[in-house]
Amino acid sequence: MAVNSMHNDSQTPVFAFGPSVLNPAERRLLRDGAEVAIGSRALDILIALVEHAGSVVGKKALVQRVWPEVIVEESSLRVHVAALRKALGDGIDGARYITNVPGRGYSFIAPVVTRTSAASVEQKARVESQASTSAPERTPTRVTSNLPARLTRMVGRDATVAALSEQLRAHRFVTIVGPGGIGKTTVALSVAHVLSTEFTSVIFVDLTAVTDAADVANGLAATLGLTVRKEDPTPEIIAFLRDTNALLVVDNCEHVIEAIGGLAERIFFEAPGVHLLTTSRESLKVEGEHVYALDSLATPETSAGITATQALQYASVQLFVERAGAAGSPIALSDSDAPVVAEICRRLDGIALAIELAAGRVGAFGIRGTADLLEKQLALTWRGRRTSLPRHQTLSATLDWSYSLLSHDEQLTLQRLSIFVGDFTLASGLAVAGEESGVATEVVIENIANLVAKSLVVMRIHNGQPRYRLLEMVRAYAALKLAESGDSTRIAARHARYFALQCRDAETPDSPALDMRDLGNIRAALTWSLSEQGDAAIARDLSSTAMPLLLQWSLLAECRRWSARALQRLQDADRGSIFESRLIRTLAISTMFTIGNDESVRADIARGLELARSLNDRHGQFEFLVGLHAFAGRTGDFRGSMSAAAEAAEVADDSEHASSLWMLCMSDHLLGNQREALARSERAASLRAAATHPKRYFGYDQRALGLVARARVLWLTGHRQQARQAAKYAIDEAARLEHPVSYCLTLLYATSVYLWSERWSDTEDAIARLAETSSAYSLEPYSLSGQALKGELLHARGEHAAALELLGEASRRLNRERQLSQSLYCMMIWADALRATAQFGSALEVLDQAIEQRTRGGGSFEMPEMLRIRASILLGNSAHNEDAAVECLERALELARRQGALSWELKAGLTLAELRPVRGKELIAGLLERFPADSDGTDLQRARSLLAG
């Protein structure tokens, strides 16, 4: 975001937030009327953030604003932001002003009142006097919202909206209940628009597209942009919403009422800043809910003798007149017609949708003709059902009448469009109800236009393109008619086949991309095609192409369910085919992230790789080899990881070559082949494709991991300044990806460079970012790794007792989850912390277990350091262990030398010099000559002092 610092002083606003007032023109910050002492740089930052309250201001933009034409480190910005938070009282008594958005910048999140610098006390008093004395102060903010526009011009609901707004402010959780077609969505959207400036975000969730109660939480998580890793993402949703000030509008709850009820109850109690507005035909019946029963529009009690003036006092008559005019038949209501219109509205029970349908026919039949049709078809039935039967049957009668007025082609089109769940495009509508279905394309286009005009289909503009949607009640009615026609199976097959083709085409770069708005239709197509009534061939085509989209949208748990179901449904003729290979791949990927490093994942990868080889599918082989590389690396099998990476390199095409080099770089580094890793990273970086981010395989960005592996290798080989620069570059590049998993992995590995370099501030910042991102997206393994890094930092600073608890718990949990790549390194640090607290027996037991597991896995990059720490434990335990300790150190030195790990070699040499001064001094002298002149670190200082002494 660009930050503009130029203002006209006469127009410069004054900002008020909490107990503070900021006057940019006078460069003053007042708190409770007293001036706050604040540095000039911090004040510049505050002005920039407040001017863009509610939006994210990039770190580069802030640096350019505060330090123009001066190159400064990002740490300077963090220091001033920390001082600013302290000056504002951020975090005291729950007050929050400035938040860090990982990888993007900072945002001022407190509500802000803006007025010109010339605003008087009297002007402010007049504004405040207009507000309700019982309501809290409302302050405008910039709103992050996916809130749709109001569906229609609302008639007769102003008082309802005002009452609902106050009830929602007071109680936080309100459900609007009432029959279908009464206007619940219209009222809810109006309330949300009225209150939108009182929240930092307004989130609209339409549950129409959710056909399975199990997908309610997944749908909400996807709307929030969360990475779904578990079968039940409710904890992720709660964690994401817990500290937000948001209005959550959940529409159409009745068909998944139990699922959304439980979720809404948890959000209400565990996210106290969130206000919930839900709509349903019945209450959710959960704790915290306040029910608002939406009445029908006011109608005359009797139509006899009513005048036009009297009739227009009723909202139902107002709506009828307004909608007739909007449909092209403006009415100047006369006293003679007023009783007829009043009777129509009364017979229609004041149901908004029914009135709109009736008004839409005035152009064709006139007011009295419309009343005659109503009388002939519906009058007695509607009167009898007004109080004795469910109101949705009354609306069905309304639709019976409306449906009978459609042409045959319009009826046919409406029936076939009912197969869509949620939104659909004109192209998809034509594909299902078009020429191949026996209806000419131009006729279907005209039919859809007529259905939109008759309010049976709603049209909305999304990203500049029209999308269509049948109202839920209309869709259910039309679906019943489709079933009665005997054509529902054929239309369901056409619908599923269309989305199978769309999912297939989504894999090509130039095709129109599907998005999350198509998810409801993809789910519906999967549900039908995988059912007993479905088509096995369509199910095969659809599931094998739709699953990659679910992965792309981070719907991992859902992807796992559909992949497993599709594999079970696969026909014998398709066993051993490319379709089975694709489904196994998506099952393995989604299982690895939702369930963990289970052996079933390895088995699926092995089966998929076998299939890809038998099919001569080189791309499939590469995919599965990347998966094997990732799985082996996560479970500490570095040799297996290297083998998979090497084989992947052999089958890689030009577009995959850079990824294979980055994988080999990481495997070489983890195995301890630092020279080879550095050479591979230089080759990968030199490739033209390395400047771009290739397709992610098995949920990782290989370039991001390769870049951070290069930073670690640079440190180990003695190029320490370059290592820190490379670590920062890797973090910045990963942040630019906006991919939480890759960002967390980069932070995880980059933090070690800062720890080894004893850069505590950078270490703390990286750990904080890792904790913030993993918590926001509920990436539990990375949160756990962050705990291990925090323990390592405490130990490095000498706070050994505090470190022990963190390191021990992290090691045990990482082992249980088979995250052996991280757990064994953590055990090494844990053992050293036990040594530092004189628990030598426990330290040796923990470390020897780690060394044994690393040895079984073919060795690792940290083995020289493990041996050095083991020598220190032996020396601390008993002076009689000196010879054994020296033997460990000699092994550490030899192994570090073979690995090219100059930094490990120096650390082992320094420990040896304490035991064998002459041998150590000669060794240190040779090692110092191999370090670059600009290398730094405490160990290098000790080495130079040793030689000088």
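Chemist: Even after reading the chapter, I still don't get the overall build of the chain, so can you show me in this structure?
Modeler: A count of helical and extended segments in the chain gives 43 helices and 16 strands. Across the 949 residues of the chain, 55% fall into the buried class. Of the contacts formed within the chain by residues at least 6 apart in sequence, a portion of 69% connects residues at least 24 apart. Accessible surface, the chain: about 39,400 Å² in total, of which carbon and sulfur atoms supply 50%.

Chemist: Looking at this structure, how should I read helix α31 (residues 702-716)?
Modeler: Along an α-helix, residues three or four positions apart point the same way, because every turn accommodates 3.6 residues. Spanning 15 residues, α31 covers 21 Å between terminal C-alpha atoms, matching the ideal 21 Å at 1.5 Å per step. Burial within α31 is extensive, with 14 of its 15 residues counted as buried. Between the side-chain oxygen at the start of α31 and the backbone nitrogen of R703 there is a gap of 3.1 Å, and the oxygen is on D701. Positive phi appears at G718, one or two residues downstream of α31, with a value of about 100°.

Chemist: Whenever I open this one, the packing of helix α7 (residues 216-224) against helix α9 (residues 257-270) confuses me. Can you help?
Modeler: A pair of packed helices can be characterised by two numbers: the angle between their axes and the separation between those axes. Two elements in contact, α7 and α9, have axes whose closest approach is 9 Å; the angle formed by their N-to-C orientations is 50°. The orientation of α7 relative to α9 falls into the category oblique. Of α9, the residues touching α7 (which contributes V216, A217 and L220) are A259, I260, L263 and I267. Of the residues belonging to the contact of α7 with α9, the class tally is seven nonpolar, no polar and no charged.

Chemist: Looking at this model, I keep getting lost on the packing of aromatic side chains. Mind explaining?
Modeler: Aromatic rings in a pair are described by how distant their centres are and how their planes are angled relative to each other. Enumeration according to the criterion identifies 15 aromatic pairs in this entry. Here the aromatic rings of F17 and F108 are separated by 4.9 Å at their centres, their planes lie at 70°, and the arrangement is edge-to-face. Within this pair, whereas F17 is found in strand β1 (residues 13-17), its partner F108 is found in strand β7 (residues 105-108), the two being separated by 91 residues in sequence. Comparing F17 with F108 shows no difference in burial state: the two are buried. On the basis of an interplanar angle of 40° and a centroid distance of 6.1 Å, the ring pair of Y97 and F108 is categorised as tilted.

Chemist: Mind showing me how you'd approach the side chain of R172 here?
Modeler: Among the secondary structure elements, R172 is positioned in the loop between α5 (158-171) and β10 (173-177). The buried charged residue R172 lacks any salt bridge, with E270 as its nearest oppositely charged partner at 11 Å. Among the polar contacts listed, one links the side chain of R172 to the backbone oxygen of A271, at a separation of 3.1 Å. Beyond its immediate sequence surroundings of up to four residues, R172 is in contact with Q167, I267, F268, A271, P272, V274, H275 and L276.

Chemist: Help me understand the pattern of salt bridges in this model?
Modeler: Here the idea is simple: oppositely charged side chains can pair when their charged atoms come close. According to the stated counting rule, one finds 52 salt bridges in the structure shown. The partner of R720 in a salt bridge is D939, with the nearest N and O atoms 2.8 Å apart. Of this pair, R720 sits in helix α32 (residues 720-737) while D939 sits in helix α43 (residues 938-948), and the two are 219 residues apart along the sequence. D939 gets classed as buried once you look at its relative accessible area, which sits at 10%. Where E733 meets R736, a salt bridge forms, and the shortest distance between an N and an O atom there is 3.0 Å. Here E733 pairs with R736, and both are found in helix α32, just three residues apart, close to one helical turn. Look at E733 and you get buried, because its relative accessible area is 11%. Overlapping salt bridges bring together E894, R897, R898, E905 and R930 as one network.

Chemist: What exactly am I supposed to notice about the side chain of H52 here?
Modeler: Along the chain, H52 turns up in the loop between α1 (40-51) and β5 (56-58). Its relative accessible area of 15% is what places H52 among the buried residues. Of note is the side chain of H52, whose polar atom sits 3.0 Å from the backbone oxygen of A48.

Chemist: So what exactly am I meant to see when it comes to the sheet that holds β7 here?
Modeler: Strands pair in a sheet through their backbones, by hydrogen bonds, and they do so in one of two ways: parallel or antiparallel. Reading across the sheet, the three strands line up as β5-β7-β6 and stay open at both edges, with antiparallel pairing between neighbours. Two strands in the sheet have a free side with no partner beyond their single neighbour: β5 and β6 (98-101). Taken over all neighbouring pairs, the strand axes of this sheet differ in orientation by 35° on average, direction set aside. One ladder, built from four bridges, connects β6 with β7; its direction is antiparallel. Opposite T99, over in β7, you have S107 as the bridge partner. The strands that α1 touches are β5, β6 and β7; relative to β7, the one it contacts most, it runs at about 70°. This element, helix α2 (residues 59-66), spans β5, β6 and β7 of the sheet and lies at about 65° to β5.

Chemist: What exactly am I supposed to notice about the environment of A850 here?
Modeler: Relative to the assigned elements, A850 resides in helix α38 (residues 840-856). The exposure class assigned to A850 is buried, which follows from its relative accessible area of 0%. For A850 and L824, which are 26 residues apart along the polypeptide, the C-alpha to C-alpha distance reads 5.3 Å. Leaving out residues up to four positions away in the same chain, A850 has contacts with L824, M827 and M866.

Chemist: Which parts of the structure should I look at to understand the nonpolar core?
Modeler: Considering soluble globular proteins, one finds that nonpolar side chains tend to be buried as a cluster. Within the largest apolar cluster, 181 residues are counted, with the highest numbers of intra-cluster contacts made by L414 and I522. In terms of residue count, helix α33 (residues 740-756) provides more of this core than any other element does, twelve residues in total. Residues contacting L414, with those up to four places away along its chain left out, are Y403, L406, L451, L456, L470, V474 and A478. By size, the runner-up hydrophobic cluster in this structure holds 51 residues, among which are F199, F204, Y292 and L374.

Chemist: Looking at this model, I keep getting lost on helix α34 (residues 760-776). Mind explaining?
Modeler: Given a rise of 1.5 Å per residue, 17 residues ought to cover 24 Å, and the 24 Å separating the end C-alpha atoms of α34 matches this to within 8%. Taken together, the buried positions of α34 are T763, D765, A766, I767, R769, L770, T773 and S774. Note on α34: the residue one or two positions beyond its end, S778, has a positive phi of about 50°.

Chemist: Any chance you could explain the packing of helix α22 (residues 519-529) against helix α24 (residues 556-569) here in plain terms?
Modeler: In contact at an axis separation of 11 Å, α22 and α24 are set at 25° when each is read in the N-to-C sense. The orientation of α22 with respect to α24, classified from their angle, is roughly parallel. Helix-helix and strand crossings are classified by hand; for α22 and α24 the assignment is left-handed. Packed against α22, whose contacting residues are R523, L526, T527 and S529, the element α24 presents E558, W562, R565 and R569 at the interface. Classifying every residue of the contact of α22 with α24 by side-chain character gives two nonpolar, two polar and four charged.

Chemist: Sorry, what's going on with the confidence of the model for the chain here?
Modeler: For the chain, the average pLDDT comes to 84, and 88% of its residues sit at 70 or higher. With pLDDT under 50 throughout, residues 117-143 is counted as low confidence; its partners more than four residues away or in other chains account for 35 contacts. Every residue in residues 377-394 is under pLDDT 50, and counting partners more than four places away or in other chains gives 28 contacts.

Chemist: Would you mind going over the environment of G920 with me for this structure?
Modeler: Turning to its location among the elements, G920 is positioned in helix α42 (residues 917-930). For the pair G920 and A943, spaced 23 residues apart in the sequence, the C-alpha separation amounts to 9.9 Å.

Chemist: Sorry if this is basic, but what is going on with the pairing of strand β2 (residues 20-23) here?
Modeler: Residues in a regular strand project their side chains so that they alternate between the two faces of the sheet. Two strands pair when backbone bridges link them, and β1 and β2 are joined in this way by three bridges, in the antiparallel orientation. Its bridge partner lying in β2, F17 is registered against S20. Connecting β1 to the antiparallel partner β2 that follows it, the hairpin turn spans two residues, and G18 within it adopts a positive phi of roughly 55°. Between the end of β2 and the start of strand β3 (residues 28-31), which pair antiparallel, lie four residues, with R27 showing a positive phi angle near 50°.

Chemist: What's the story with unusual backbone geometry in this structure? I'm lost.
Modeler: Where the residue is not glycine, phi is negative for most of them; where a peptide bond is considered, it is trans in most cases. Even without being a glycine, R172 presents a positive backbone phi close to 75°. Judged by relative accessible area, which is 15%, R172 ranks as buried. Here the phi dihedral of R818 falls at roughly 60°; this positive angle occurs in a residue that is not glycine. Within the secondary structure layout, R818 lies in the loop between α36 (800-816) and α37 (820-836).

Each value, and the rule that gives it
- Residues numbered from 1 in each chain as written.
- Predicted model: local features only at pLDDT ≥ 70, side-chain atom pairs only at ≥ 80, totals over all residues.
- Heavy atoms only, no water.
- Helix = DSSP H or I, 4+ residues; strand = E, 2+ residues; numbered from the N terminus.
- Buried < 20%, exposed > 50% of the residue type's maximum accessible area, 1.4 Å probe, protein only.
- Contact = heavy atoms within 4.5 Å.
- Areas by Shrake-Rupley, 256 points an atom, 1.4 Å probe, with all protein chains shown as cover.
- Expected span 1.5 Å × (residues − 1).
- Polar contact = N/O pair within 3.5 Å; in protein donor to acceptor, adjacent residues only side chain to side chain.
- Axes fitted to C-alpha atoms, helices over the stretch in contact; angles between N-to-C directions.
- Parallel < 35°, antiparallel > 145°, perpendicular 65-115°, else oblique.
- Nonpolar A, V, L, I, M, F, W, Y, C, P; charged D, E, K, R; others polar.
- Phe/Tyr/Trp six-rings, centres within 6.5 Å; stacked < 30°, edge-to-face > 60°.
- Lys, Arg positive; Asp, Glu negative; His and termini not counted.
- Salt bridge = Lys/Arg side-chain N within 4 Å of Asp/Glu carboxyl O.
- Pairing = 2+ DSSP bridges.
- Core = buried A, V, L, I, M, F, W, Y, C linked by side-chain atoms within 4.5 Å.
- Left-handed = near helix turned anticlockwise from the far one by under 90°.
- pLDDT = per-residue confidence, 0-100.

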